[in-house]
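Residue-level listing of the chains:
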Amino acid sequence: DNMIDFLEQTKLQDSWVSTILQGKYPSVQDNFVILDDLSCNNYIETIDKILYRSNEHITLEPLKYKVEEEIFLDNNEAHLSDHLAVMVDLKWNIT
């Protein structure tokens, strides 16, 4: 799977790339090792994505991206899922 090709074909944008990486896609690493999903943070790419696309009616702009490490915990402070939640604050304008 090639995420960059998918984004180009669908004209979607990756909120992590837009906010954390300032619009620059990370380089492909031949020896990339997938980390445990609970080890992710704002600066490590995760398979969980928030993609967005503006159109002639609305402009979307991600302002903040965050991996939520502390919100979704049970009473024993264990994670509720095997993936950390990601969130994006979006600014939007009707055009």
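Scroll up a little and you will see the structure.
Thresholds applied
- Residues numbered from 1 in each chain as written.
- Predicted model: local features only at pLDDT ≥ 70, side-chain atom pairs only at ≥ 80, totals over all residues.
- Heavy atoms only, no water.
- Patch = residues over 30% accessible without salt bridge, like charges linked within 9 Å, V, L, I, M, F, W, Y side chains within 5 Å.
- Areas by Shrake-Rupley, 256 points an atom, 1.4 Å probe, with all protein chains shown as cover.
- Salt bridge = Lys/Arg side-chain N within 4 Å of Asp/Glu carboxyl O.
- Helix = DSSP H or I, 4+ residues; strand = E, 2+ residues; numbered from the N terminus.
- Buried < 20%, exposed > 50% of the residue type's maximum accessible area, 1.4 Å probe, protein only.

**Student:** Could you clarify how one ought to interpret a nonpolar patch on the surface in this entry?
**Tutor:** A surface patch of nonpolar side chains, about 320 Å² in accessible area, is lined by Ile71, Phe72 and Leu80. With respect to the helices, strands and loops of the structure, Leu80 is situated in the loop between β3 (58–68) and β4 (85–94). On the basis of relative accessible area, Leu80 is assigned to the exposed category, the value being 56%.

**Student:** I'm lost on the environment of Ile44 in this one. Help?
**Tutor:** If you trace the backbone, Ile44 turns up in the loop between α2 (15–19) and β2 (51–52). Measuring from C-alpha to C-alpha, the distance between Ile44 and Val67 comes to 9.6 Å, with 23 residues separating the pair along the chain.

**Student:** Teacher, can you tell me more about unusual backbone geometry here?
**Tutor:** One non-glycine residue, Lys11, lies in positive phi territory at about 60°. The backbone of Glu77 shows a phi angle near 65°, a positive value even though the residue is not glycine. Position of Glu77 relative to the elements: it lies in the loop between β3 and β4.

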